Amino acid sequence: MVKPLYKVSKQLMDVVQGKAYADTVITNGTLVNVVTGELIEGIDVAMKDERIAFIGDASQMIGEATLVVNATGKYIAPGLMDGHMHVESTMFSVTGFSEAAVKKGTTAVFMDPHEMANVFGIEGVKRMHEEGRNAPIHVFTTFPSCVPATDGLEDAGAKISVEDVEEGLMWDGVVGLGEVMNYPGVIHRDEKMIGEIEATLKQGYQPTGHFPEGTIEDLTSYLLSGVTSCHETVTKEAALEKLRFGMTVMIREGSAWQDVKEVIKVITEDQIETDHLMLVTDDIYPETLINQGQINHVVRRAIEEGVDPVTAIKLATLNTARYFKLDDDYGSLTPGKVADIILLDDLTSMDITDVFVKGNQIVKETQLIKETPAFVYPKHYYQSVNVGKVLTAEDFYFNTTHQQSVNINAIEVIENSARTKKKVVELPINNGIVESDLSQDVIKLSCIDRHHKTGQISNQFVTGFHIKRGAVASTVAHDSHNLLVMGVSESDMAVAANYLSDIGGGMVCVLDGEVIASVPLPIAGLMSDLKEADLLRQVEGLKAGWVRLGSPLHAPFMTFSLIALPVIPDIRISNRGLVDVTTFSLIETICSEEC
């Protein structure tokens, strides 16, 4: 928790007036001023009691105990802020993520822990929130709103009620409502959705949004509910439409969903005012985080697409702080602000050398110099995979009374996109079982209830992954996080599912009955307690495993993890069956004559 300005203003003024020395002074750097858009050379920044005391010539504010950091040849910029992200997608715990992210210049994130909420409800949210309060960066929470993401289409491990939201909004460090994915519910005045939004507005916080598509009337109705933002915008035209209506557009660049190239054109082509634009990651995997970066990578991508570097940094600092009504304390390097500061050799590369959080140096010459004690989760968080039975190959058969062949509704995935398409394909039948067809790139896909020991399995078909052999499985399955299994071989599918049940969750590749790669995620079946190097090695092995099974896709396990999310069009799997997201209804796998 940061000390409020009124409690330290005297100490800050004492430094400026020569009555006390600064705790830390960064000297002779080029200041990135996101308020004016300027680069100002030869600047010192003096810090005291977690905040910035002075900007200018601070040579007289240096005492014997003052830490002096020479920034000659470097840029001094505000610490970067990620306005929408899910820690669970990184596979790290909050602590592990924060230690990796701070080295990339991230000093604040606004996490939406709705993955954990779908497994352990408000209890799980509180655990992650508490872990975030002790992280080396500022971890703000937007309280999950749609748990489960839809009603009547899937079964999560827990539910979040209006009363839960009201309680969570009172916790210190909760600053908004997590993405309101059930936009049809909002538009049609669903009591729960409206209740959560109203509770958020009463506290003066922001209800963050999720509006992938809809009519102008739908968008207007969504905004009239009080929702203020969207991170699901994938085209310049959609961004313009939302911006013209006053909506804040969060431009996303994650591991699989990469929207900067198109959406940033509202700046580079249309010269739109940037006050209602932000940069976010949403979902990134460990490989992206460690090898490319966190929100600094998104800033870098904006610069590569032609955005002025100072403007790009503003989209991930001041604009983020303003959106969440925290700009009195965060988002710029000005007197009185919290001393979250990064040093860079070059603005275009966005490679960070040094990081200060609340005036304390956390990263020195790219290395973490302060570690955070591990957060301990209760035992039952490591026992979250409860299928209720040992699975066999027969559990993954799609049985039918039809003869010879049948037309079915398959899920078609799109590389580097969260969207899917419905595709009608003709599949062969063998002894009453609908078979996969590798010639059409159609394989089996199953979703198993892993929360309630029901043994419930939905068997469907998918195309687009180009898997030729074996099977994969994952307990990361947005957002209900049931057990997903996909493959060519039903026996390998059973091995994969049983393996994850035994180890408490994660991701796995199986070939000919043998596990060839895995990433154990024992915390709620979502997160690892490993450090960077060990987790990265496992993830790289998993990536190689997907390739060995035949998939050439970029970040295929990210695409796989979203195939059960019934709030993004067009068609999804759930533990209850096949979901048509355009109508929010369950549909038959086998086509009727109208197909």
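Everything quoted here is computed from the prediction, not taken from an experiment.

## Focus: the UniProt feature "domain: Adenine deaminase C-terminal" (unreviewed entry) in the protein chain
Phase 1: UniProt feature "domain: Adenine deaminase C-terminal" (unreviewed entry): in the numbering of this structure it lies at residues 419-584.
Phase 2: Helix makes up 22% of residues 419-584 and strand makes up 34%, while its end C-alpha atoms are separated by 15 Å.

## A few points about the pattern of salt bridges
Phase 1: Throughout the structure, instances matching the rule amount to 25 salt bridges.
Phase 2: For Arg 301, the salt bridge goes to Glu 304, with nearest N and O atoms at 2.9 Å. Here the residue Arg 301 and the residue Glu 304 both occupy positions in helix α12 (residues 295-304), the gap between them amounting to three residues, near one helical turn.
Phase 3: The exposure class of Glu 304 is exposed, given its relative accessible area of 51%.
Phase 4: A salt bridge links Arg 301 to Glu 305; its shortest N-O distance comes to 2.9 Å.
Phase 5: Judged by relative accessible area, which is 13%, Arg 301 ranks as buried.

## Observations concerning the UniProt feature "domain: Amidohydrolase-related" (unreviewed entry) in the protein chain
Phase 1: Residues annotated by UniProt as "domain: Amidohydrolase-related" (unreviewed entry) correspond here to residues 75-361.
Phase 2: Annotated as 37% helix and 20% strand, the span residues 75-361 places its first and last C-alpha atoms 16 Å apart.

## Side note on the nonpolar core
Phase 1: Ranked by internal contacts, the top residues of the largest apolar core, which has 135 residues, are Phe 465, Met 486, Trp 546 and Ile 563.
Phase 2: Here this core takes six residues from helix α3 (residues 114-133), the largest share from any one element.

## Description of the sheet that holds strand β10 (residues 206-209)
Phase 1: Across the sheet, which stays open at both edges, the five strands sit in the order β6-β7-β8-β9-β10 with parallel pairing between neighbours. In the strand order of this sheet, the two ends are held by β6 (80-85) and β10, each with one partner. Strand-to-strand twist across the sheet, computed as the mean angle between neighbouring axes with direction ignored, equals 30 degrees.
Phase 2: The sheet contacts of helix α2 (residues 94-102) involve β6, β7 (106-111) and β8 (138-143), and relative to β7 the element is tilted by about 140 degrees.

## Concerning the sheet that holds strand β27 (residues 514-520)
Phase 1: Strand order in this open sheet of ten strands is β18-β21-β20-β19-β23-β22-β25-β24-β26-β27, and the pairing throughout is mixed. Where the open sheet ends on each side, the last strands, each with one partner, are β18 (398-399) and β27.
Phase 2: Examined bridge by bridge, strand β22 (residues 442-448) and strand β23 (residues 457-463) share seven bridges and lie antiparallel to one another. Residue Leu 445 lies in a different strand from β23, and its bridge partner there is Gln 460.
Phase 3: Strands β22, β24 (471-474), β25 (483-487), β26 (506-511) and β27 of the sheet are contacted by helix α15 (residues 490-503), whose axis makes an angle of about 145 degrees with β26.
Phase 4: Relative to the sheet, helix α16 (residues 532-548) contacts β24, β25, β26 and β27, its axis offset from that of β27 by approximately 140 degrees.

## Re empty space enclosed by the protein
Phase 1: The full count for this structure, using the stated rule, is five cavities of 30 Å³ or more.
Phase 2: In this structure, the largest cavity encloses a volume near 100 Å³.
Phase 3: Lining the largest cavity are 18 residues, with Glu 179, Asp 282, Asp 283, Leu 562 and Leu 565 positioned closest to its centre.
Phase 4: A breakdown of the residues in the lining of the largest cavity according to their chemical character gives six nonpolar, five polar and seven charged.
Phase 5: Two domains each donate at least three residues to the lining of the largest cavity, and these are domain 1 (77-371) and domain 2 (380-587).

## Re the domain arrangement of the protein chain
Phase 1: With domains assigned, the protein chain is organised as domain 1 (77-371) and domain 2 (380-587).
Phase 2: Just the C-alpha atoms count here: the centres of domain 1 and domain 2 sit 28 Å apart.
Phase 3: Each partner contributes residues to the interface: domain 1 has 47 residues there, and domain 2 has 52 residues.
Phase 4: Of all residues in domain 1, the largest losses of buried area upon contact with domain 2 belong to Met 91, Leu 153 and Trp 257, amounting jointly to 18% of the total for that side.

Conventions we followed
- Residues numbered from 1 in each chain as written.
- Predicted model: local features only at pLDDT ≥ 70, side-chain atom pairs only at ≥ 80, totals over all residues.
- Heavy atoms only, no water.
- UniProt positions renumbered as here; feature names shortened; annotations may be inferred.
- Helix = DSSP H or I, 4+ residues; strand = E, 2+ residues; numbered from the N terminus.
- Salt bridge = Lys/Arg side-chain N within 4 Å of Asp/Glu carboxyl O.
- Buried < 20%, exposed > 50% of the residue type's maximum accessible area, 1.4 Å probe, protein only.
- Core = buried A, V, L, I, M, F, W, Y, C linked by side-chain atoms within 4.5 Å.
- Pairing = 2+ DSSP bridges.
- Axes fitted to C-alpha atoms, helices over the stretch in contact; angles between N-to-C directions.
- Contact = heavy atoms within 4.5 Å.
- 1 Å grid on protein atoms, 1.4 Å probe; cavity = no way out; pocket = protein on both sides within 12 Å on 5 of 7 lines; lining within 4 Å.
- Points joined across faces, edges and corners; volume = space filled by probe spheres on them.
- Nonpolar A, V, L, I, M, F, W, Y, C, P; charged D, E, K, R; others polar.
- Domains from an automatic or database assignment.
- Buried area = accessible area lost by both parts, 1.4 Å probe.

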